[in-house]
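Structural features, examined
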Amino acid sequence: FSLGDSEITILTDGGLVLPASTLASNVSDEERSAFLTSHGHDAETRASALNIALVRKGDALVLIDTGAGLNFFQDAGLLADSFDAAGLDRDSVTHVVLTHGHPDHVWGVIDDFDESERFPNASYLMGAAEWDFWMNPDFLADNPEELHSFALGAQRNLGAVAEKVERVGADHAVVSGI
């Protein structure tokens, strides 16, 4: 679809199913279950689609996040297939914006064999504070164990493109208007 002078394509990276307990962790299990059930949702699990935006603006082709790759969830890691199905060339991506370091956003930076970038001609951008958080060499000592696998994956994937990542502030423009 078009938005102003930009063309936006939504690509799928598949999906994931998480325990419903990951929602509204500030309420009791009973309250969360009652709310979900009363609104027609499964009280035990939640399914989430992993959608990735690709924005064409002038000569720029900007990918917002890289998806999960094949090492996170069984039903994720379909972004490369989505590019192929849409007749798009991953080599034509000029910019990759990494919004944050969760697996479903950065684990698709490198291929499934951890050998090469999926978007080799792109420049990468990420918030400096977000980069510093995930790339902290003392992350495992400073953060809860539940985040360790997320951090190790983020460090593996971000480390592969570290020299290409511009660490930016909140008001940075990727290209004019984005």
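Let me begin by describing the structure that accompanies this report.

What follows is about the overall build of the protein. Check the secondary structure of the protein and you find six helices and seven strands. Counting from the amino terminus, the protein carries its helices and strands in the arrangement β-β-α-β-β-α-β-α-β-α-α-α-β. Relative to the 2.2 N^0.38 estimate, which gives 16 Å for 178 residues, the radius of gyration of the protein is 18 Å and therefore close to what a compact globule would have. Along the first, second and third principal axes, the C-alpha set of the protein runs to 50 × 40 × 35 Å. Per-residue burial over the protein gives 38% buried out of 178 residues. A sequence separation of at least 24 residues applies to 74% of the contacts in the protein between residues at least 6 apart. Accessible surface for the protein amounts to roughly 9,700 Å². Of this, 52% is attributable to carbon and sulfur atoms.

With respect to the element layout, E7 can be found in strand β2 (residues 6–19). By relative accessible area, E7 is classed as partly exposed at 42%. Those residues in contact with E7 that sit more than four places away from it in its chain are F1, S2, L54, V55 and R56.

Phi is positive for A24, which is not a glycine, with a value near 45°. Inspection of the secondary structure puts A24 in the loop between β2 and α1 (29–38). Overall, the relative accessible area of 41% leaves A24 in the partly exposed class.

A word on the sheet that holds strand β4 (residues 60–64). A sheet is described by the order of its strands in space; here seven strands give the open sequence β1-β2-β3-β4-β5-β6-β7, paired in mixed fashion. The two strands at the open ends of the sheet, each matched to only one other strand, are β1 (2–3) and β7 (165–168). Here strand β3 (residues 45–57) runs beside β4; their pairing, made up of five bridges, is antiparallel. By the bridge assignment for β4, R56 is matched with L61. Seen against the sheet, helix α4 (residues 128–135) touches β6 (123–127) and β7 and runs at an angle of roughly 85° to β6.

This part takes up the side chain of S6. Mapped onto the fold, S6 is located in strand β2. For S6, a relative accessible area of 10% puts it in the buried group. Setting aside anything within four residues of it in sequence, one finds S6 in contact with F1, V55, R56 and K57.

Glancing now at the nonpolar core. In terms of nonpolar packing, the biggest core is built from 27 residues, with L63, F83, V93, F119 and Y124 touching the most fellow members. Those elements that place two or more of their residues in this core are β3, β4, α2 (79–85), β5 (95–98), β6, α4 and α6 (148–160). In terms of residues, this core owes the most to one element, α6, which gives three residues. If you look at the next biggest cluster of nonpolar residues, it comprises nine residues, including V97, L125, V168 and V174.

The rules behind the values
Residues numbered from 1 in each chain as written. Predicted model: local features only at pLDDT ≥ 70, side-chain atom pairs only at ≥ 80, totals over all residues. Heavy atoms only, no water. Helix = DSSP H or I, 4+ residues; strand = E, 2+ residues; numbered from the N terminus. Rg over C-alpha atoms; globule rule 2.2 N^0.38 Å. Buried < 20%, exposed > 50% of the residue type's maximum accessible area, 1.4 Å probe, protein only. Contact = heavy atoms within 4.5 Å. Areas by Shrake-Rupley, 256 points an atom, 1.4 Å probe, with all protein chains shown as cover. Pairing = 2+ DSSP bridges. Axes fitted to C-alpha atoms, helices over the stretch in contact; angles between N-to-C directions. Core = buried A, V, L, I, M, F, W, Y, C linked by side-chain atoms within 4.5 Å.

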